[in-house]
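Below, each chain spelled out in residue letters.
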Amino acid sequence: MSNFEQYQLQVAKDVAKIIKEKSCQPILFVGSGFSKRYCGAPNWAALLTELKGYCPEIKHDVPYYLQSKTTLPEVGSIYAKAFKEWAWGEGRKFFPDAYYTANVHEDIFIKHAVSKRLEGLGPDKTGSFGLQALDDEIDALKSINPHAVITTNYDTLLEPIFPEYKPIIGQQVIRHAYMSIGEIFKIHGCVSDASSLVLTNEDYDRFANDKKYLSAKLFTYFVEHPLLFIGYSAGDPNIKAILQEIDHMLPEGGNLIENIYLLEWDDKISAESQPPYDKIIDLDDGKTARVKSITANSFEWVFKAFKSEAPLEKVNVKLLRSISHRVVDLVRKDAAKNVVEINFEMLNHALEHPEDFAKVFGIAAMADPALLNVMYPYSPTAAAEYLGYGKDWNKVNQLITKLKETEGFDIRGSDNHFHVSIPAGARSNPLRKYSQAGLDLLAKVRDGAELPDLKNPMVTGEKAKPADNDEL
């Protein structure tokens, strides 16, 4: 067996071990290298270079600005202003009349050009990507049946690959009421809505402000699931930004993050190659993160290593997402109102093996992390960030104390609609997580708003009291 064959075997064994330990589907995080590989899409710098060729008002090439340490988002802002000048003059015929009103942002013209450049990228009418090797890789990718896909790409390449998955675009990710299964989170926008694109320096500033809410929503994904980065390099700012946002959960002392894998392409790999099993990523401010590394000159074997096991392999993801949504509504809304309508005949018809459904979604057992993550998605730190306190969970603790003193309701005194306590071993304090309803309640305490009747068990959903513990 060659060195690289041994490497492939070791990687596959490690992936299988992590998937078994996590007992849930992988999350895919997809970057521009993915679109470049499968449909020839340009990376960011190349895209800006192409845009310069469209607009005669743009005076300088991208390297001119980079030489002066101008960032790519800043170049995007400079080009956006040039596109506006052109669009209001000789270029008017290239843009819709609807853009020429005071309530449309001036960067719409460059974003329209980007959307036109990238729309329609993907497989041909037969579903092929042009080469058998690429088609085989895509087939292996589909077999992963990921829990969700997160991407910073603008194009619509992922939609035909995962046709049963629902795209959640830009600000919709933050406003999305819950985290389900079978979704494509397009956090930098999509060409289907040009105004949603995160392209200019101003866009990135707004994105940075919203990132704390996005991080709170995605936090449990990074904790509970195997995570595979595809189409990014180790130095990609998107990877750095994500790891910076979750640095409070990273292992201390540079220890390896067990569930995060970075997949990179290397066409120089030979039978004797021995790629590294991990990489260190610089997070700035003297901090680093060590993640698992996978290097390949064909992605087929990598995607096969992440392939889904039996419970989800033949289940309709769209149906699961719909049922998951219904479960959330049932718990958060209908149960509190005593309005519960369930068509059990439909559920039995939908899934031949209810025990597998329960295993995947945790409907039969609250201890299952899949259901807990849907119902109680916020850690204490994520709760603090959502409520506008940064990472200062002591502020949230003060709200909980105030609620207890004024209303006689201890949100942490039991497992209830607002909070759940998860045992973490005999020597450790329990892991506490909070629901959206819990954060809504604490927001009312913070704002001095009218509170619900917390003496009504139907409102609080109180369950068995855990051991006393005053920590958040």
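Details of the structure are given in the entry above.
Below is a short write-up of the structure.

## A short note on the overall build of the protein chain
Point 1. Helices and strands together make up the secondary structure of the protein chain, namely 21 helices and 10 strands.
Point 2. Counting every position in the protein chain, which comprises 472 residues, the buried fraction comes to 48%.
Point 3. Looking at the protein chain as shown, the accessible area adds up to about 23,300 Å², and 51% of this sits on carbon and sulfur atoms.

## Quick word on helix H3 (residues 44-54)
Point 1. For H3, the set of buried residues is Leu-47, Leu-48 and Leu-51. Viewed end-on, H3 has its buried residues packed into an arc of 100 degrees, placing them on one side of the element.
Point 2. Tucked inside the fold, the buried residues of H3 contact helix H4 (62-66), helix H5 (72-87) and helix H6 (108-118).
Point 3. For H3, the side-chain oxygen to backbone nitrogen distance between the N-cap and Ala-45 is 3.4 Å, and the N-cap itself is Asn-43.

## Some points on the pairing of strand S8 (residues 287-296)
Point 1. Across the 10 residues that make up S8, a large majority, 7, are buried.
Point 2. Between strand S7 (residues 278-284) and S8, which pair antiparallel one after the other, the connecting turn spans 2 residues, and Asp-285 there sits at a positive phi close to 55 degrees.

## Considerations on the nonpolar core
Point 1. Within the largest apolar cluster, 70 residues are counted, with the highest numbers of intra-cluster contacts made by Phe-34, Phe-83, Leu-141 and Phe-303.
Point 2. Looking at this core, the element that brings in the most residues is H5, giving 8 residues.
Point 3. Not counting residues within four places of it along the chain, the set of residues in contact with Phe-83 comprises Leu-51, Tyr-54, Cys-55, Ile-58, Phe-95, Phe-109, Ile-110 and Ala-113.
Point 4. Residues Phe-29, Val-173, Ile-257 and Ala-289 belong to the second largest nonpolar core, which totals 28 residues.

## A short note on H5
Point 1. A rise of 1.5 Å per residue sets the reference length of H5, with its 16 residues, at 22 Å; its end C-alpha atoms lie 22 Å apart and thus fit the reference within 8%.
Point 2. For H5, every residue scored as buried is listed here: Leu-72, Pro-73, Val-75, Gly-76, Ser-77, Tyr-79, Ala-80, Ala-82, Phe-83, Trp-86 and Ala-87.

## Points about the pattern of salt bridges
Point 1. If you walk through the whole model with that rule in mind, you get 20 salt bridges.
Point 2. For the salt bridge of Arg-290 with Asp-278, the shortest nitrogen-to-oxygen distance reads 3.2 Å. Here Arg-290, found in strand S8, pairs with Asp-278, found in strand S7; they are 12 residues apart in sequence, far enough to count as distant.
Point 3. Each of the salt bridges in this network shares a partner with another, and the network as a whole consists of Asp-107, Lys-111, Asp-203 and Arg-206.

## Re the sheet that holds strand S2 (residues 148-151)
Point 1. Pairing is mixed across the open sheet formed by 8 strands, whose spatial order is S3-S4-S2-S1-S5-S6-S8-S7. Both outer strands of the open sheet, strand S3 (166-169) and S7, are each paired with one neighbouring strand and no more. This sheet shows a mean twist of 25 degrees between the axes of neighbouring strands, independent of strand direction.
Point 2. Where strand S1 (residues 27-30) meets strand S5 (residues 227-230), 4 bridges bridge the pair, whose relative direction is parallel. Note on S5: the bridge partner recorded for Ile-27 is Leu-227.

## A few points about the packing of aromatic side chains
Two measures describe an aromatic ring pair: the distance that separates the ring centres and the angle between the ring planes.
Point 1. Across all of its chains, the model carries 25 aromatic pairs by this definition.
Point 2. With a centroid separation of 4.8 Å and an interplanar angle of 55 degrees, the aromatic rings of Phe-34 and Tyr-38 are classed as tilted. Note that Phe-34 and Tyr-38 are positioned in helix H2 (residues 32-39) at a spacing of 4 residues, about one turn of the helix.
Point 3. Geometrically, the ring pair formed by Tyr-261 and Phe-306 is edge-to-face, given 5.3 Å between the ring centres and 90 degrees between the ring planes. You can see Tyr-261 sitting in strand S6 (residues 256-265) and its partner Phe-306 sitting in the loop between helix H12 (300-305) and helix H13 (310-313), a full 45 residues away along the chain.
Point 4. Under the relative-accessibility criterion, Tyr-261 is labelled buried at 2%.
Point 5. Under the relative-accessibility criterion, Phe-306 is labelled buried at 1%.
Point 6. The positively charged end of Arg-37 is found above the aromatic ring belonging to Phe-299, 5.0 Å away from the centroid.
Point 7. For the cation-ring pair, Arg-92 lies above Tyr-100, with the distance from its terminal atom to the ring centre recorded as 3.9 Å.

## Side note on the packing of H2 against helix H7 (residues 132-142)
Point 1. Remark: H2 packs on H7, axes separated minimally by 10 Å, with the N-to-C direction vectors making an angle of 135 degrees. With respect to H7, the axis of H2 lies oblique. On H7, the residues touching Phe-34, Arg-37 and Tyr-38 of H2 are Leu-134, Glu-137, Ile-138 and Leu-141.

## Observations regarding unusual backbone geometry
Point 1. Positive phi is not limited to glycine here, since Lys-69 has a value of about 65 degrees.
Point 2. Inspection of the secondary structure puts Lys-69 in the loop between H4 and H5.
Point 3. Here Lys-69 falls in the exposed class, since its relative accessible area comes to 73%.
Point 4. Look at Asn-145: it is not a glycine, yet its phi comes out positive at around 50 degrees.
Point 5. Within the fold, Asn-145 resides in the loop between H7 and S2.

## Details of the layout of surface pockets
Point 1. There is about 850 Å³ of room inside the largest pocket.
Point 2. Lining of the largest pocket is provided by 36 residues; of these, Trp-44, Thr-152, His-188, Tyr-204 and Asn-238 occupy positions nearest its centre.
Point 3. It is helix H10 (residues 201-224) that contributes the most residues to the lining of the largest pocket, 9 residues altogether.

## Some thoughts on the environment of Gly-122
Point 1. Along the chain, Gly-122 falls in the loop between H6 and H7.
Point 2. Distance in space between the C-alpha atoms of Gly-122 and Tyr-38 is 7.4 Å, their sequence separation being 84 residues.
Point 3. Leave out the neighbours within four places in its chain, and Gly-122 touches Cys-39, Phe-129 and Leu-157.

## Quick notes on the pairing of S7
Point 1. Two strands pair when backbone bridges link them, and S7 and S8 are joined in this way by 6 bridges, in the antiparallel orientation. When the sheet's bridge partners are listed, Ile-280 is paired in S8 with Arg-290.

Rules of the game
Residues numbered from 1 in each chain as written. Predicted model: local features only at pLDDT ≥ 70, side-chain atom pairs only at ≥ 80, totals over all residues. Heavy atoms only, no water. Helix = DSSP H or I, 4+ residues; strand = E, 2+ residues; numbered from the N terminus. Buried < 20%, exposed > 50% of the residue type's maximum accessible area, 1.4 Å probe, protein only. Areas by Shrake-Rupley, 256 points an atom, 1.4 Å probe, with all protein chains shown as cover. Arc of directions from axis to C-beta. Contact = heavy atoms within 4.5 Å. Polar contact = N/O pair within 3.5 Å; in protein donor to acceptor, adjacent residues only side chain to side chain. Pairing = 2+ DSSP bridges. Core = buried A, V, L, I, M, F, W, Y, C linked by side-chain atoms within 4.5 Å. Expected span 1.5 Å × (residues − 1). Salt bridge = Lys/Arg side-chain N within 4 Å of Asp/Glu carboxyl O. Axes fitted to C-alpha atoms, helices over the stretch in contact; angles between N-to-C directions. Phe/Tyr/Trp six-rings, centres within 6.5 Å; stacked < 30°, edge-to-face > 60°. Lys NZ or Arg CZ within 6 Å of the ring centre and 35° of its normal. Parallel < 35°, antiparallel > 145°, perpendicular 65-115°, else oblique. 1 Å grid on protein atoms, 1.4 Å probe; cavity = no way out; pocket = protein on both sides within 12 Å on 5 of 7 lines; lining within 4 Å. Points joined across faces, edges and corners; volume = space filled by probe spheres on them.

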